[in-house]
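Spelled out, the chains give:
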Amino acid sequence: MDIGLVDNRLELVQVLALMTFHSYGPHGDGEIARLCGQTVHSAYSSGQHYPSQSGGRLSEVRRVELIYSLFALDKIIAMITGRPPIIGEGEACLPAQDDTILKEVPPGLRLLFRLSQMLDQVLDPYRPRALNETFEEWVWDHRSG
């Protein structure tokens, strides 16, 4: 998507994310869902969901911060609007919990990502399922302990 104002794709992702946060209002559900979708589309189109190339324009820490932020934004927008989340956790290359790169990610952002993962589990029952699977079957299959 080219809105003609921002040449740098990373800046475009950041601008769209900010617009998503500030577009909510009485008639804003559709608009914030659209902007969130465009934000994720722009990030994925520019390859931000893959590990950074060494010597690339974006450091790996910055890329992880961006993906963590988009993941959290997506889950919050899904919860507010009642729409399904766009980003699946397995769709982006994220570092393992014990990866040294996470030491460089701010603790607040790591916590926000962890809370977003929990929210993703809460939203999971509301995702579309196969036609032959009922909600009760899903609960039975995914019950803990």
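Everything quoted here is computed from the prediction, not taken from an experiment.

Draft legend 1. Summary view of the pattern of salt bridges. Using the criterion set out here, one finds four salt bridges in the structure. In this structure, the salt-bridge partner of glutamate 31 is arginine 34, at a minimum N-O distance of 2.6 Å. Of this pair, glutamate 31 and arginine 34 both sit in helix 2 (residues 29-45), three residues apart, which is roughly one turn of the helix. Of the residues examined, arginine 34 reaches a relative accessible area of 39% and is grouped as partly exposed. Between aspartate 74 and lysine 75 there is a salt bridge, with the nearest N and O atoms lying 3.1 Å from each other. We classify aspartate 74 as buried; its relative accessible area is 2%. Among the ionic contacts, a cluster of salt bridges with common partners joins Asp74, Lys75 and Asp120.

Draft legend 2. Region of the structure containing the side chain of threonine 81. Considering the arrangement of structural elements, one finds threonine 81 in helix 3 (residues 60-81). Assessed through its relative accessible area of 14%, threonine 81 is described here as buried. A distance of 2.7 Å separates a polar side-chain atom of threonine 81 from the backbone oxygen of isoleucine 77. Among the polar contacts listed, one links the side chain of threonine 81 to the backbone nitrogen of arginine 83, at a separation of 3.4 Å.

Draft legend 3. Summary view of helix 2. End to end, helix 2 covers 24 Å across 17 residues, agreeing with the expected 24 Å (1.5 Å per residue, within 8%). Taken together, the buried positions of helix 2 are occupied by Ile32, Ala33, Leu35, Cys36, Gln38, Thr39, Val40, Ser42 and Ala43. A positive phi of about 80 degrees marks glycine 47, the residue just after helix 2.

Draft legend 4. Spotlight on the nonpolar core. The biggest cluster of nonpolar side chains holds 15 residues, and the ones touching the most others in it are Val13, Val64, Tyr68, Leu70, Ile87, Leu102 and Val105. Those elements that provide at least two residues to this core are helix 2, helix 3 and helix 4 (107-123). Broken down by element, this core gets its largest block of residues, six residues, from helix 3. Excluding its chain neighbours within four sequence positions, the residues that come into contact with leucine 102 are Val64, Tyr68, Pro95, Ala96, Gln97 and Arg110. Counting residues in hydrophobic clusters, the runner-up holds five residues, among them Ala17, Ile32, Leu73 and Ile77.

Draft legend 5. Molecular detail of the confidence of the model for the protein chain. Residues of the protein chain with pLDDT of at least 70 account for 81%, and the chain-wide mean is 77. Here helix 5 (residues 135-142) is the element of the protein chain with the lowest mean pLDDT, 70, and helix 4 is the one with the highest, 86.

Draft legend 6. Representation of helix 4 in the model. End to end, helix 4 covers 24 Å across 17 residues, agreeing with the expected 24 Å (1.5 Å per residue, within 8%). On its buried side, helix 4 packs onto helix 3.

Conventions used here
Residues numbered from 1 in each chain as written. Predicted model: local features only at pLDDT ≥ 70, side-chain atom pairs only at ≥ 80, totals over all residues. Heavy atoms only, no water. Salt bridge = Lys/Arg side-chain N within 4 Å of Asp/Glu carboxyl O. Helix = DSSP H or I, 4+ residues; strand = E, 2+ residues; numbered from the N terminus. Buried < 20%, exposed > 50% of the residue type's maximum accessible area, 1.4 Å probe, protein only. Polar contact = N/O pair within 3.5 Å; in protein donor to acceptor, adjacent residues only side chain to side chain. Expected span 1.5 Å × (residues − 1). Core = buried A, V, L, I, M, F, W, Y, C linked by side-chain atoms within 4.5 Å. Contact = heavy atoms within 4.5 Å. pLDDT = per-residue confidence, 0-100.

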